[in-house]
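So you can see what is in the structure, the chains are spelled out below.
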Amino acid sequence: MCWLTSPWTTFTGLEALERISAISEEQGVRASILSARGTQCVDPGGPGHLRTTQNPRAPRPPPDRRLLVAPPAARNEAEAEADARDPAEPSPVAAMNQRQAAARLRVVLGHLGQTSARTGVAYSTSRAVSPNSFHPPQFQYTQHNAVLSLEQRKFYEENGFLVIKSLVSDADIQRFRDQFERICRGEVKPEQMMIMRDVSIAKSEYIPSERMISKIQDFQEDKELFRYCTLPEILKYVECFTGPNIMAMHTMLINKPPDSGKKTSRHPLHQDLHYFPFRPSNKIVCAWTAMEHIDRNNGCLCVLPGTHKGSLKPHDYPQWEGGVNLMFYGIQDYNEKTPRMHLVMEKGDTVFFHPLLIHGSGWNRTQGYRKAISCHFASADCHYIDVKGTSQDVTERDIVGIGNKLYGIPKDTSLKEVSRYRARLVKGRRINL
């Protein structure tokens, strides 16, 4: 007998092989192939990779009895008959059933996007598997679809970030770089874009050029740069965290300059949710793409894995001797003994991370400019909140203050009004945001 399970349903017998292709179309399931003697399965997310569907840390809800193909009585009789037979000498009927199962398995894997049935191998263990012993892993931070492998989902769930190598092409990155340089030279002036410089650069020295601009924000009106937020390869992964209706909420291109010696090019450890007046946090994700090789020398991202499971912490400006850039808030209370990880990335590599993940970046010790482009995405069914009277008051005060100075927006404008203005639908339909 062959067992076939998905993360959400349980089947038994050859009839399951006929049913699963139809059900998988409806539910978008990722199927796993289990033998009647074991619980090992094939992860469709990666050819040839054997995974186990058990998650020892996950709660174990009872299976949906309505989805069981064979009643318990029939299953017990079949198991008793199998136990009485010499396992080394399968019956002719069993041998035929195994051949039929293998043929149907190839069809099933075709429906599920597996490249070849040869990549999936099920091994037997000492006793049969009861459907009561299988429980799908419980995912809180990722959506169920066929893009992420089980291993990738578990990694993001546990750590709060996931790096996808070589996701954005060199050609696209060059186009973004060229447009950034045109903006720096003043040849292109998109509306409502915020152009920032490092605090170490004196106003008297400021001349619009790549060397003077450390960051541009809110480029939703620039068609060339905003293409980043609509790249299919980006949105394919964003949907794994937000669901199918996706809003681009905040955009940036960072041009971290060589540090002047005051270490002002570093960014203190922070949580991005501090900047946003919308929730829930679990349906928000940042896509951050390296535009060149990035390591600790030129100020790579530093993350504290697993901190996305906590709450939003109070932020304020750090008391740094050399000064701190505008809106470079830092967490005031966190465990300094928490392990850190520095993300070394190549051009085109993209990290997706949760808005509660504590992260920052070091100062740029090189003579070059370290570039990255990013966008924060949210599910269109997120909702706005009022941040007045919360730790996000300082964010509202600074953002509205800058908007009033640069664009004349009223001083009583709320942060959610600013977010609503710059939000753009990039996939699906607009609901709340």
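The structure we're discussing is the one just above.
Residues numbered from 1 in each chain as written. Predicted model: local features only at pLDDT ≥ 70, side-chain atom pairs only at ≥ 80, totals over all residues. Heavy atoms only, no water.

Undergrad: Explanation requested: the overall build of the protein chain in the structure shown.
TA: Helix and strand counts for the protein chain stand at nine helices and 21 strands. When each of the 433 residues of the protein chain is scored for burial, the buried share is 51%. Excluding contacts between residues fewer than 6 apart, the proportion of contacts in the protein chain whose partners are at least 24 apart in sequence is 80%. Counting every atom, the protein chain has about 20,600 Å² of accessible surface; 51% of that belongs to carbon and sulfur. (Helix = DSSP H or I, 4+ residues; strand = E, 2+ residues; numbered from the N terminus. Buried < 20%, exposed > 50% of the residue type's maximum accessible area, 1.4 Å probe, protein only. Contact = heavy atoms within 4.5 Å. Areas by Shrake-Rupley, 256 points an atom, 1.4 Å probe, with all protein chains shown as cover.)

Undergrad: Explain the packing of aromatic side chains to me, please; I cannot follow it from the model alone.
TA: Any pair of aromatic rings gets described here by the distance separating the centres and the angle formed by the planes. Under the counting rule described, the total for this entry stands at seven aromatic pairs. With 5.4 Å between their ring centres and 85 degrees between their planes, F155 and F161 make a pair best called edge-to-face. Residue F155 is classed as partly exposed on the basis of its relative accessible area of 35%. Judged by centre distance (5.2 Å) and plane angle (20 degrees), the ring pair of F276 and F278 falls under stacked. (Phe/Tyr/Trp six-rings, centres within 6.5 Å; stacked < 30°, edge-to-face > 60°.)

Undergrad: Whenever I open this one, the state of the cysteines confuses me. Can you help?
TA: A covalent bond between the sulfur atoms of two cysteines is referred to as a disulfide. Within this structure, the stated rule accounts for zero disulfides. No disulfide involves C229; its sulfur sits 3.5 Å from the nearest other cysteine sulfur, which is in C375. Left unpaired, C286 is separated from the closest cysteine sulfur, that of C375, by 7.6 Å. Residue classification places C286 among the buried positions, given a relative accessible area of 2%. (Disulfide = S-S within 2.5 Å.)

Undergrad: Would you mind going over the side chain of H354 with me for this structure?
TA: Relative to the helices and strands, H354 resides in the loop between β17 (350-353) and β18 (359-361). Separated by 3.0 Å, the side chain of H354 and the backbone nitrogen of L356 make a polar contact. Excluding residues that lie within four positions of it along the chain, H354 makes contacts with Y141, Y156, G160, S281, N282, I284 and H308. (Polar contact = N/O pair within 3.5 Å; in protein donor to acceptor, adjacent residues only side chain to side chain.)

Undergrad: Mind showing me how you'd approach the sheet that holds β18 here?
TA: By definition, the strands of a sheet pair up through backbone hydrogen bonds, in either a parallel or an antiparallel sense. Here four strands make up an open sheet; going across it, the order is β10-β18-β13-β16 and the pairing antiparallel. Looking at which strands have only one partner, the edges of the open sheet turn out to be β10 (267-270) and β16 (341-343). Taken pair by pair, the neighbouring strands of this sheet meet at an average axis angle of 20 degrees, ignoring direction. Where β10 meets β18, two bridges bridge the pair, whose relative direction is antiparallel. Directly across from H267, in β18, lies its bridge partner S361. (Pairing = 2+ DSSP bridges. Axes fitted to C-alpha atoms, helices over the stretch in contact; angles between N-to-C directions.)

Undergrad: Is there a simple way to think about helix α5 (residues 170-184) in this case?
TA: Count 3.6 residues to each turn of an α-helix, and residues three or four apart come out pointing the same way. Given a rise of 1.5 Å per residue, 15 residues ought to cover 21 Å, and the 21 Å separating the end C-alpha atoms of α5 matches this to within 8%. Restricting attention to buried positions, one finds in α5 the residues D172, I173, F176, R177, Q179, F180, I183 and C184. One face of α5 carries all of its buried residues, which in axial projection span an arc of 165 degrees. Looking at the residues trailing α5, positive phi occurs at G186, about 80 degrees. (Expected span 1.5 Å × (residues − 1). Arc of directions from axis to C-beta.)

Undergrad: Hey, could you run me through helix α4 (residues 150-159) in this one?
TA: By the burial criterion, the buried members of α4 are L150, R153, Y156, E157 and N159. Positive phi appears at G160, one or two residues downstream of α4, with a value of about 90 degrees.

Undergrad: What exactly am I supposed to notice about the pairing of strand β19 (residues 370-379) here?
TA: Within a regular strand, side chains alternate between the sheet's two faces. Summarising burial for β19: ten of the ten residues are buried, a large majority. Residues R370, A372, S374, H376 and A378 of β19 are buried on one face, and the alternating residues K371, I373, C375, F377 and S379, pointing to the opposite face, are buried as well. Judged from the ten bridges that link them, strand β9 (residues 246-256) and β19 form a sheet pairing that is antiparallel. Looking across to β19, one finds that H250 is bridged to H376. Inspection of the sheet shows strand β12 (residues 284-290) paired to β19 by seven bridges, in the antiparallel sense. Following the sheet pairing, C286 is matched in β19 by H376.

Undergrad: Can you walk me through the environment of R227 in this structure?
TA: Tracing the chain through its elements places R227 in the loop between α6 (223-226) and α7 (232-242). Once the C-alpha coordinates of R227 and D172 are considered, the two residues, 55 residues apart in sequence, prove to be 9.0 Å apart.

Undergrad: Explain the pairing of β12 to me, please; I cannot follow it from the model alone.
TA: With seven of seven residues buried, β12 is to be regarded as a mostly interior element. Both faces of β12 are covered, namely the face carrying I284, C286, W288 and A290 and the face carrying V285, A287 and T289. For β12 and β17, the ladder comprises four bridges, and the chain directions are antiparallel. In the strand pairing of β17, W288 is matched with V351.

Undergrad: Explain the environment of C382 to me, please; I cannot follow it from the model alone.
TA: In this structure, C382 sits in the loop between β19 and β20 (383-384). For C382, a relative accessible area of 0% gives the class buried. For the pair formed by C382 and S281, sequence separation is 101 residues and the distance between their alpha carbons is 8.7 Å.

Undergrad: Whenever I open this one, the pattern of salt bridges confuses me. Can you help?
TA: For side chains bearing opposite charge, pairing can occur when the charged atoms are close. All chains considered together, the criterion is met by 13 salt bridges. A salt bridge links D172 to R227; the shortest N-O distance between them is 3.0 Å. Residue D172 is located in helix α5, and its partner R227 is located in the loop between α6 and α7; the two are separated by 55 residues in the primary sequence. By the burial criterion, D172 is buried, and R227 matches it. With its nearest N and O atoms 3.3 Å apart, the salt bridge here joins R397 to D398. One continuous salt-bridge network, built from bridges that share partners, spans D172, R175, E224 and R227. (Salt bridge = Lys/Arg side-chain N within 4 Å of Asp/Glu carboxyl O.)

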